[in-house]
Amino acid sequence: MTKKILYLFSDTGGGHRSAATAIIRAVEHVYKNEIEQERIDVFAACSGFLNIFAKLYAPVIKYTPKLWGQLYYWLDDQKKLEMLEKVSGPFILNELVKLIQEKKPDVIVSVHPMVNHLTVEAIRQSGLKIPFIIVITDPVTLHRAWITPAVDMAIVATDAAKQLAVQYGMPEEKIKIFGMPIDPKFFLETSGKQKARKKGRLNPELFTILLMGGGEGAGKMDEIIENLNKLELKIQVIVIAGRNKSLEAKLKKDMPKFKFPMKVFGFTDKVHEIMAESDIIITKAGPGTIAEAMAMNLPIIITSWLPGQEEGNVEYVVRENVGKVSQDPVKVVEIINELLSDKKAFEEMKANIRRASRPQAALDIAGQILSYL
Ligand code: UDP
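Figured I'd write up the structure that's included with this text. Note that the coordinates shown come from a computational prediction; the quantities given were computed from them, not determined experimentally. (Residues numbered from 1 in each chain as written. Predicted model: local features only at pLDDT ≥ 70, side-chain atom pairs only at ≥ 80, totals over all residues. Heavy atoms only, no water.)

**Section: the overall build of the chain**
Helix and strand content of the chain: 17 helices and twelve strands. Expected size for 373 residues packed as a compact globule is a radius of gyration near 21 Å; at 21 Å, the chain falls within 12% of this value. Projecting the C-alpha coordinates of the chain onto the three principal axes gives extents of approximately 65 × 40 × 35 Å. By the burial criterion, 57% of the 373 residues in the chain qualify as buried. (Helix = DSSP H or I, 4+ residues; strand = E, 2+ residues; numbered from the N terminus. Rg over C-alpha atoms; globule rule 2.2 N^0.38 Å. Buried < 20%, exposed > 50% of the residue type's maximum accessible area, 1.4 Å probe, protein only.)

**What about the sheet that holds strand β5 (residues 153–156)?**
Pairing is parallel in the open sheet, where six strands are placed in the order β2-β1-β3-β4-β5-β6. Two strands bound the open sheet, and with one partner strand each, they are β2 (35–41) and β6 (175–177). Strand after strand, the sheet turns through a mean of 20 degrees between neighbouring axes, direction not considered. Here four bridges tie strand β1 (residues 3–9) to strand β3 (residues 107–110), and the two strands are oriented parallel to one another. Paired with I5 across the two strands is V107, which belongs to β3. Along the sheet face, helix α1 (residues 15–31) touches β1, β2 and β4 (132–135) and points at about 175 degrees away from the line of β2. The strands that helix α7 (residues 159–167) touches are β5 and β6; relative to β6, the one it contacts most, it runs at about 165 degrees. (Pairing = 2+ DSSP bridges. Axes fitted to C-alpha atoms, helices over the stretch in contact; angles between N-to-C directions. Contact = heavy atoms within 4.5 Å.)

**Brief notes about the pattern of salt bridges**
Across all of its chains, the model carries 18 salt bridges by this definition. A salt bridge links K250 to D222; the nearest nitrogen and oxygen atoms lie 3.6 Å apart. With K250 in helix α11 (residues 245–254) and D222 in helix α10 (residues 221–228), the pair connects residues that are 28 residues apart, well separated along the chain. Close ionic contact of R355 with E320 constitutes a salt bridge, the shortest N to O distance being 3.7 Å. Of the two residues, R355 sits in helix α16 (residues 343–356) while E320 sits in the loop between α14 (311–319) and β12 (323–325), which places them 35 residues apart along the sequence. Of the residues examined, R355 reaches a relative accessible area of 54% and is grouped as exposed. When salt bridges with common partners are traced through the structure, they connect D222, K250 and D254 into a single cluster. (Salt bridge = Lys/Arg side-chain N within 4 Å of Asp/Glu carboxyl O.)

**Points about the site of the ligand**
Near the ligand you find 20 residues, and of these G14, G15, T268, T289 and E292 are the closest. A distance of 2.9 Å is found between an oxygen atom of the ligand and a backbone nitrogen or oxygen belonging to G288. Within the contact set of the ligand, an oxygen atom lies 2.6 Å away from a side-chain nitrogen or oxygen of T289. Out of a free accessible area of 540 Å², the ligand has 94% covered by protein chains. When residues of the shell around the ligand are traced back to their parent elements, those giving at least two are α1 and α13 (287–295). Residue contributions to the shell around the ligand peak at four residues, all from α13. (Near = heavy atom within 4 Å. Polar contact = N/O pair within 3.5 Å; in protein donor to acceptor, adjacent residues only side chain to side chain. Areas by Shrake-Rupley, 256 points an atom, 1.4 Å probe, with all protein chains shown as cover.)

**Some words on unusual backbone geometry**
The residue R201 is not glycine, and still its phi comes out positive at about 55 degrees. In this structure, R201 sits in the loop between α9 (193–199) and β7 (207–212). Residue R201 is classed as exposed on the basis of its relative accessible area, which comes to 77%. Of note in this structure, N297 is not a glycine but carries a positive phi near 60 degrees. Residue position: N297 is located in the loop between α13 and β11 (300–304). For N297, a relative accessible area of 17% corresponds to the buried category.

**Quick look at the sheet that holds β11**
As summarised here, the arrangement of the six strands in space is β9-β8-β7-β10-β11-β12, forming an open sheet in which the pairing is parallel. Pairing within the sheet leaves two strands with one partner each, and these edge strands are β9 (262–265) and β12. Averaged over neighbouring strand pairs, the angle between their axes works out to 15 degrees when direction is ignored. Bridge count between strand β8 (residues 235–240) and β9: four bridges; the pairing is parallel. Pairing of I240 across the sheet is with F265, part of β9.

**Comments concerning the packing of α1 against helix α17 (residues 361–370)**
The interhelical angle for the contact between α1 and α17, taken along N-to-C directions, is 75 degrees, at an axis separation of 8 Å. Considered as vectors, α1 and α17 are oriented roughly perpendicular to each other. Between α1, through A22, I23, A26, V27, H29, V30 and Y31, and α17, the contact on the second element is made entirely by A362, L363, I365, A366, I369 and L370. (Parallel < 35°, antiparallel > 145°, perpendicular 65-115°, else oblique.)

**Examining the nonpolar core**
The biggest cluster of nonpolar side chains holds 35 residues, and the ones touching the most others in it are L96, I108 and L142. For this core, the secondary structure elements donating two or more residues are β1, α2 (42–46), α3 (48–63), α5 (78–103), α6 (116–126), β4, β5 and α7. The contacts of L96, once residues within four sequence positions are left out, are V42, C46, L118, T119 and A122. Core analysis: the second largest hydrophobic core is formed by 32 residues, I182, I240, I274 and I300 among them. (Core = buried A, V, L, I, M, F, W, Y, C linked by side-chain atoms within 4.5 Å.)

**Notes on a nonpolar patch on the surface**
Nonpolar side chains collect at one region of the surface, where F49, I52, F53, L56, L71, W74, M83, V87 and F91 lie side by side and expose about 900 Å² of accessible area between them. Note that L56 resides in helix α3. Judged by its relative accessible area of 40%, L56 falls in the partly exposed class. (Patch = residues over 30% accessible without salt bridge, like charges linked within 9 Å, V, L, I, M, F, W, Y side chains within 5 Å.)

As structure tokens, this is what we get:
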């Protein structure tokens, strides 16, 4: 009988969906189509009520990131998490048990922190014996919500994440370090820069700056572009506005006034091709974007981050010297200008990226999951 893997995620941002998709593609790469794989947005599928909160993620991180930070730290506490679980359990547990009984997967993989204790309980109540693996998508610092000692395996991205998970109570022998899962297309389907630019109808010779802000298009991208426009730089600019429709419309309207060639995308499935065309990325400190940029050997300028959740990623970029950090659009442009004239510093960053990046992590993770079948 065909084996089945069930992935649990929630569409908060783009990172969780991307991580699940990355592992699915890696499993397909190894096993072609012999394994059935399904991705379930847990809150959307099991609780209309809790899905209201999941849907609040985008506006909250866009308009009041500070509030998100406060909530993140407030909830980073075992007792409060247990309380939250007790309160939310009745809204979701029965549906989750039904879902597991109906799908009867051979393995369950979660890439989201908020559903794991409930999934352990739902598997128990289903009466089925199903291995449960979590893939922790916070690469450096992680929230206590991820900590679920009863899972069969927890996969983390870095040694720092493993140490923290152990400190918070995960049994060490259940943790494996593989890196952040990114879609294999980031290293299987991309070509050299000049060729990629020609294909994307860009000038193959111009230094190419990519701006993006996670799935929701967060950050001060328009201000950075305004400041780039104040200098005489030999550049071209690509923007991925993600689901931020107002930013996309504004930039498309303003495009004629900029001195440099520019391309603006909304939410796209071509991030790997666009990164292949680029020389550097200006972005929010999303773990997915950072791992993808590193796989494509792009130095990273971090201009925004979610308080708490993404602060560890910012420290990581600085510590490993794979990029620079500034929240000030004027300073960001200064950094670009410096890097354009200091080729040595730029090449050093690229060498550091090659050393630290693990582009094949999804394939390694797929191998572990498949070992449970
Ligand atoms: N992404 C995408 N298309 C877009 C914008 C973003 O596929 O137009 C993907 C991006 O490649 C990355 C994910 O969305 O895999 C964003 O994840 P990240 O962890 O960087 O940030 P989040 O959106 O979760 O805050």
